[in-house]
Amino acid sequence: MYQFHYERPKTLADAEALLGKADDPKILAGGQTLIPTLKQRLAMPSDVIDIGGIKELDFIRAEGDAIMIGAGTRHATVAQSADVQKHNPALAVLAGGIGDPAVRHMGTLGGSIANNDPAADYPAACLGLDAKIHTTKRLIEADEFFKGMFETALQDGEIIKEVTFPHPEKAAYMKFRNPASRYAMVGVFVSKGPWGVRVAVTGAGQNGVFRVSEMEEALAKSWSPDAVAGIKLPAKGLNADLHGTAEYRAHLITVMAKRAVAAAG
Amino acid sequence: MSDKASGEGIGQPVRRKEDFRFITGNGHYTDDISRPHQTWTCFLRSPHAHARIKSIDTSAAEAAPGVVAVFTGKHVADDELGGLICGWTVTSKDGTPMKVGPHPILALDTVRYVGDHVAMVVAETLADARAAAELIDVDYEALPATISLATCQDETAAQVHPEAPRNTCFEWELGNKAETEAAFARADRVVKLDLTNNRLIPNAMEPRAAIGEFDKGSGIYTLHTTSQNPHVARLVLSAFVGVAPEHKLRVIAPDVGGGFGSKIFIYAEETACVWAAAKVGRPIKWTGDRSEAFLSDAHGRDHLSHAELALDKDGKFLGLRVKTIANLGAYLSTFSAAVPTYLYGTLLSGQYDLPAIHVEVDGVYTHTAPVDAYRGAGRPEATYLVERMVETAAREIGMDPAELRRRNYIRTFPHQTPVIMNYDAGDYEASLDAAMKAIDYAGFPARKSEAASRGKLRGIGMSSYIEACGLAPSAAVGSLGAGVGLWESAEVRVNPTGNVEVMTGSHSHGQGHETTFAQLVASRLGIPMEQVEIVHGDTDKVQFGMGTYGSRSGAVGMSAIVKALDKIETKAKKIAAHLMEAAVEDIAFENGTFTVRGTDKSLAWAELSLAAYTAHGFPSGEIEPGLKEGAFYDPTNFTFPAGCHICEVEIDPDTGITKIAKFVAVDDFGTVINPLIVEGQVHGGIAQGIGQALLEHGVYDAESGQLVTGSYMDYCMPRADDLPSFTLGFTKTESPSNPLGMKGCGEAGAIASPPAVINAITDALGIRDIEMPATPARVWSALQSAAPRAAAE
Ligand SMILES: Cc1cc2nc3c(=O)[nH]c(=O)nc-3n(C[C@H](O)[C@H](O)[C@H](O)COP(=O)(O)OP(=O)(O)OC[C@H]3O[C@@H](n4cnc5c(N)ncnc54)[C@H](O)[C@@H]3O)c2cc1C
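Starting afresh in each chain, residues are numbered from 1 along the sequence in its written order. Going through the entries in the order they are written, you letter the chains from A and number the ligands from 1. Predicted model: local features are reported for residues with pLDDT of at least 70 only, side-chain atom pairs are reported and counted for 80 or more only, and whole-chain, interface and lining totals are derived from all residues. Remark: hydrogens and water are excluded; side-chain values derive from all non-hydrogen atoms of the structure.

K.L.:
I'd like a rundown of the pattern of salt bridges, residues and numbers included.
P.N.:
By definition here, a salt bridge exists when the distance from a side-chain nitrogen of Lys or Arg to a carboxyl oxygen of Asp or Glu is within 4 Å. Scanning all chains against the criterion turns up 66 salt bridges over all chains. The partner of Asp-130 of chain A in a salt bridge is Lys-132 of chain A, with the nearest N and O atoms 3.5 Å apart. We note a salt bridge from Arg-493 of chain B to Glu-501 of chain B, for which the minimum N-O separation is 3.4 Å. A network of salt bridges, in which partner residues are shared, links Asp-130, Lys-132, Glu-141, Asp-143, Arg-198, Arg-211 and Glu-216 of chain A.

Shown next as structure tokens:
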């Protein structure tokens, strides 16, 4: 690690002020990505602003037809929340399948989507559930938020405050784990709700999470595993590495989509 | 014998003495040690697989905060330090010795793999050292790298060492070529297979670490390090590297968190720490991090082979012909030349009566980390080849694989194979029978069709393995090129109060010596285990030892203890005879009590121990005071653990995921001292073997030579949920080659399991071969090309 200046503000306002003052600051949430990056000397922020002590970022609230989750909420908390399990069980399952118990008790929703790892799980839920991302500056639609590998619409000094997940009628997430990292090699989130049908894929795309309109249209006509079984995505634009070719990932998208629809019922 | 003592005796599942300290965080690993005025070091490593070093500018690093010194290859050369050595010389078939390129402690003008050591920064803190290392300006001229095993011997491939044309270190052969050719000429059937044995990265839980120290007053150097064999480290560092004379160098290997072979070797980092400690006049500490372990620990396996098996019309094996290219990496490591030769070719007879064998092995250099012994070392590669060939042959001739094995098992002992080994004892059919029964072999077809009804592909595969352990008779290994003898030493020191310290040249880094060795000593002397202390891992305490690897600690290390105990008993009886005024021949020793036969005279162990040290009234000249004996034990033969592992898999054809449905291991380890520990060794070994078969793969980028699998994000270690619950069984034929009849159990699981898994997968898929690791992606693509035969849906 390189040396940096460390702050742990108690309020969002203080955090914003600190971010505004610093030269080249970094927000620290659960640290599950940032700390390893710092340890490997791959980042050299002037200031690390730890938002882990900000109580107003840690909440889960079910209100009306949506669940609001604070950006600082840990994956384990989401997985175990009675509200999430009741209104959005697919989201609880997704959160409960991230990493291992240690990671789930440290990693946060905000950190996960701000990081936008192309193999992360939460981006699929956000996109697959038409989520709204509230920041200290504005509201960003999930469709506008994820901009490519490790890139988001967030601007300097902008802190994610909460994510609103509208309740789905049906939803499920199927994850094919990378055997080594256990991140998603292919994760498919399917849902049906006021927004219509959504199919969001993480892990497979070179530019991170994306929607599959062909599958969405097919499922809108007929919500059944068979509706997607025949839809093969082109391998172009998909990741290829030592764990699998692009063709394999394309195939897995169909398999996982089929299984997700079956699981969603 | 007291209840307690019998509960601790040989064959009892005594809980490991060492575990309490380990699991409560009270172990003492090298990194737990800190020395007064200690400095820290880190190594600047090559970012290139192959490059010329045009210049190194260390001035900015030297001026950086906290920096004590910066060393490069030039300093090492100025001190006329020798390079790292390979302690085993392999001779090519044309009679020339292997071609060895120098392996400097710090690179002088060329770097040969990503992670090669370029410079060493010594500083007040680790952070200072790391920060300064980034300020070292190395001007590299990047050169093309040779990575691929298949093409490294091409004329056009970049040369790793000018000393070794076509990157070939040796072209070795073993067996009888003419007889083998004749066998193939009269064969009714020849089965051919190309096989890959994937590169593995060891991943001991504790990374390598070292603290080098120099005491100006005495001129004595001390190296605390993560070693499986501290005396060998001292020998190499003094005799070959020339850091310090042997009597001025102490090597301490305290608690060591796993080795699997990777901590046998004498590496650059540890060497540099002890050498540089004298130069800076302060202790120097280095603790490798996980990334460094991936880059610079010696890797394992990495073979390409072509094999042919000749059979007659009844399925009797006539001959085996093997050509293997074995990757040695960029430099020879401490034992690397022996691994793909004498630890590999000599096991190619498997459990079978194979009248003719001829094996050729080319040991080759590539611009990758050195490759050396890793759990099993050569024997997993041999077993994989033999058992894949046998299974493939059975399928091709349409015979049940168990039946084909039965037809070819060796049944009389001793049995001389065509490849040096003389098997002394075994009953291979017994373990096959037991394994088939345990897995319900007969019920497999029903399970297969039940799986098919769920859309799953089920397959079964077996592996009848043999290994040579108890390394090794010194004369035998000497004649094959070893630079050392492979005996073991022990010293039993009885204290005046009757408790006992046992110095062993073996080293425990997970094997549980403190328990099993104490069980042996306690049951022999009739005292409780807690009165026995096993001392190992310090060249100042133990006279000499060859360390632990090759499943040798029991068969060789404990045999040395038995020999020392024999001497203790002889001397103790002499003292007892004197004290009880009887003839030595009339003294009996049982359950910790000396008696005079035919009388009621007796003497307890503690009384005798005290008397040995008071020595009052010992007849002068006849009995020396004290009770301490040492022994060196040199085995008469290798030992030959063998057995049968059977694996049943279920494959999801949609995703290519392989699930291990059942795994049975039946092993013949001869005498078992502690079944709990032995089962633990088998479990760990199978986990590593399944890791090799399904998950683990050390991969370099074919062009750049960067290590692609440099972290757990890409290098897939087996996790608990990748593994089934294993079913273990044991059969027993005692080894006639050591006093306890032990064979060794440390490597069997890793040796036996990979072919069982791959045989099961190829059975499920109905294909001839699949490369390890059989990842979901590979299984899926195999299914795409094998379809529609295997499509169960
Ligand atoms: C071993 C391991 C396994 C894992 N497996 C998975 C997996 O299977 N699936 C998966 O999805 N993830 C996985 N992760 C990632 C983990 O779940 C975390 O979600 C992720 O690391 C980021 O969350 P964090 O809270 O730790 O963020 P941090 O590491 O603290 O921060 C990550 C980034 O987000 C920024 N950031 C954090 N919070 C905010 C905010 N509120 N507003 C704006 N920017 C912010 C930080 O500045 C930083 O750039 C794994 C991690 C580890 C270590």
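Read on, since the account is not over.
K.L.:
Can you explain the domain arrangement of chain B? Please cite residues and give values.
P.N.:
Residues and elements named next belong to chain B. The split of the chain into domains comes from an automatic or database domain assignment. Here chain B is described as being made up of domain 1 (19-27 + 487-633), domain 2 (38-144 + 203-296) and domain 3 (424-466 + 637-793). Buried area counts how much accessible surface, traced with a 1.4 Å probe, disappears from two parts once they are put together, with both parts' losses summed. Summing the contributions of domain 2 and of domain 3, the shared interface buries around 790 Å²; its carbon and sulfur component is 58%. Contact with domain 3 buries surface across domain 2, with Val-114, Asn-203 and Phe-294 losing the most and accounting together for 58% of the total. Linking domain 2 to domain 3 there are zero salt bridges.

K.L.:
A description of the interface of chain A and chain B should follow, citing residues and the corresponding values.
P.N.:
Opposite the 20 residues of chain A that make contact, chain B presents 21 residues. At the boundary of chain A and chain B, one finds five salt bridges. Residue Arg-259 of chain A pairs with Asp-652 of chain B through a salt bridge whose shortest N-O separation is 2.8 Å. Counting of polar contacts relies on pairs of N or O atoms within 3.5 Å, with two restrictions inside protein: one atom must be capable of donating a hydrogen and the other of accepting it, and residues adjacent in sequence are counted only when both atoms are side-chain atoms. For the pair chain A and chain B, the number of links is eleven residue pairs in polar contact (both at pLDDT 80 or more). The helix and strand labels rest on DSSP assignments: H or I over at least four residues marks a helix, E over at least two residues marks a strand, and numbering proceeds from the N terminus. Looking at which element gives the most residues to the side of chain A that touches chain B, the answer is helix α12 (residues 246-264) of chain A, with eight residues. We call Asp, Glu, Lys and Arg charged. Ala, Val, Leu, Ile, Met, Phe, Trp, Tyr, Cys and Pro are nonpolar, and the rest, Gly among them, are polar. Grouping the amino acids of the side of chain A that touches chain B by side-chain chemistry returns ten nonpolar, five polar and five charged. Contacts: residue pairs with any heavy atoms within 4.5 Å of one another.

K.L.:
Explain the side chain of Glu-308 of chain B residue by residue, including any values.
P.N.:
Residue and element names in this part refer to chain B. Relative to the elements of secondary structure, Glu-308 occurs in strand β13 (residues 300-311). Residue Glu-308 is classed as buried on the basis of its relative accessible area, which comes to 11%. Reaching out from Glu-308, the side chain makes a polar contact with the side chain of His-306 at a distance of 2.8 Å. Excluding anything up to four places from it in sequence, Glu-308 contacts Phe-184, Val-190, Val-191, Lys-192, Gly-319, Leu-320, Arg-321 and Met-389. The rule is simple: take the accessible area with a 1.4 Å probe, protein chains only, and divide by the maximum for that residue type; under 20% is buried, over 50% is exposed, in between is partly exposed.

K.L.:
Describe the environment of Trp-487 of chain B, listing the residues and the values that go with them.
P.N.:
All names here are of chain B. Within the fold, Trp-487 resides in the loop between α14 (474-479) and β19 (488-494). You can call Trp-487 buried: its relative accessible area is 19%. On a C-alpha basis, the gap between Trp-487 and Val-556 in space is 6.8 Å, while along the polypeptide they are 69 residues apart. Once residues lying within four places of it in the same chain are set aside, the contact partners of Trp-487 are Ala-472, Ser-474, Phe-544, Gly-545, Met-546, Arg-552, Val-556, Phe-632, Tyr-633, Asp-634 and Pro-635.

K.L.:
Before we move on, could you go through a negative patch on the surface and cite the residues and values that matter?
P.N.:
A patch is a set of surface residues, each over 30% in relative accessible area and not in a salt bridge, joined within 9 Å for like charges and within 5 Å for the nonpolar side chains Val, Leu, Ile, Met, Phe, Trp and Tyr. With residues, only the protein chains shown are counted as cover, and all accessible areas are computed by Shrake-Rupley using a 1.4 Å probe. His is not counted, nor are the chain ends; Lys and Arg add positive charge and Asp and Glu add negative charge. Every charge is mapped onto a representative atom, which is NZ of Lys, CZ of Arg, CG of Asp or CD of Glu. A cluster of acidic side chains, namely Asp-57, Glu-62, Asp-137 and Asp-139 of chain B, defines a negative patch on the protein surface. Among the secondary structure elements, Asp-139 of chain B is positioned in strand β6 (residues 137-142).

K.L.:
Could you give an account of the nonpolar core, with specific residues and numbers?
P.N.:
One broad trend across soluble globular proteins is that nonpolar side chains are buried collectively. Residues and elements named next belong to chain B. Residues belong to a common nonpolar core when they are buried Ala, Val, Leu, Ile, Met, Phe, Trp, Tyr or Cys residues joined through side-chain atoms within 4.5 Å. Membership of the largest hydrophobic core comes to 173 residues, with the highest contact counts inside it found for Met-120, Leu-348, Leu-385, Ile-761 and Leu-765. For this core, the element with the highest residue contribution is helix α19 (residues 748-765), accounting for ten residues. Ignoring sequence-local partners within four residues, the contact set of Leu-385 consists of Leu-195, Ser-305, Ala-307, Leu-320, Val-322, Tyr-344 and Leu-348. Ala-560, Ala-564, Ala-577 and Leu-608 belong to the second-largest nonpolar core, a separate cluster that totals 47 residues.

K.L.:
With reference to specific residues and values, describe the sheet that holds strand β1 (residues 5-7) of chain A.
P.N.:
Residues and elements named next belong to chain A. Strands sit in the order β1-β3-β2 across an open sheet of three strands; the sheet is parallel. A single partner strand is all that each edge strand has here, and the edge strands are β1 and β2 (25-28). Geometrically, the sheet is characterised by an average inter-axis angle of 20 degrees between neighbouring strands, direction not taken into account. Note: two strands are recorded as paired if DSSP finds a minimum of 2 bridges between them. As defined by bridge partners, β1 adjoins strand β3 (residues 47-50) across three bridges and the pair is classed as parallel. Within β3, the residue paired with Tyr-6 across the bridge is Val-48. Working convention: axes come from line fits to C-alpha atoms, limited for helices to the stretch in contact. Angles between N-to-C directions cover 0 to 180 degrees. The sheet strands contacting helix α1 (residues 12-21) are β1, β2 and β3, and the helix crosses β3 at an angle near 170 degrees.

K.L.:
Let's hear about the packing of aromatic side chains: which residues, and what values?
P.N.:
Any pair of Phe, Tyr and Trp rings, taking the six-membered ring for Trp, is counted once the centres come within 6.5 Å. Such a pair is stacked with planes under 30 degrees apart, edge-to-face with planes over 60 apart, and tilted for the rest. For the structure on display, the rule yields 27 aromatic pairs over all chains. With a centroid separation of 5.2 Å and an interplanar angle of 40 degrees, the aromatic rings of Tyr-248 of chain A and Trp-780 of chain B are classed as tilted. In this pair, Tyr-248 of chain A sits in helix α12 while Trp-780 of chain B sits in helix α20 (residues 776-786), so the two residues belong to two different chains. Assessed through its relative accessible area of 11%, Trp-780 of chain B is described here as buried.

K.L.:
So, the packing of helix α16 (residues 553-579) of chain B against helix α17 (residues 605-614) of chain B: which residues are in play, and what are the values?
P.N.:
Residues and elements named next belong to chain B. The interhelical angle for the contact between α16 and α17, taken along N-to-C directions, is 85 degrees, at an axis separation of 10 Å. In terms of orientation, α16 lies roughly perpendicular with respect to α17. Residues Ile-568, Ala-572, Ile-575, Ala-576 and Leu-579 of α16 touch α17, and the partners they reach there are Trp-605, Leu-608, Ala-611 and Ala-612. Working definition: roughly parallel below 35 degrees, roughly antiparallel above 145 degrees, roughly perpendicular at 65 to 115 degrees, and oblique for all remaining angles.

K.L.:
How would you sum up helix α5 (residues 126-133) of chain B? Please name residues and give values.
P.N.:
Residues and elements named next belong to chain B. Within the span of α5, buried status applies to Ala-129, Ala-132 and Ala-133. The arc enclosing the buried residues of α5, seen along the axis, measures out at 100 degrees, which places them on a common side. Elements that come into contact with the buried residues of α5 comprise β1 (39-45), α3 (59-63), β3 (67-72) and β5 (117-123). The arc in question is the one traced by the directions running from the helix axis out to the C-beta atoms.

K.L.:
Lay out the site of the ligand in plain terms, naming residues and giving numbers.
P.N.:
Residues and elements named next belong to chain A. Around the ligand, a shell composed of 31 residues is seen, among which Ile-27, Gly-31, Gln-32, Thr-33 and Thr-108 lie nearest. Between an oxygen atom of the ligand and a side-chain N or O atom of Thr-33, the distance comes to 2.4 Å. Take Arg-182: an N or O atom from its main chain is 3.2 Å from an oxygen atom of the ligand. Within the complex, the protein chains bury 90% of what would otherwise be the 960 Å² of accessible surface of the ligand. If you list the elements that add at least two residues to the shell around the ligand, you get β2 and α7 (109-115). The element that contributes the greatest number of residues to the shell around the ligand is α7, accounting for five residues. Residues are classed as near a molecule or strand on a simple rule: at least one heavy atom within 4 Å of it.

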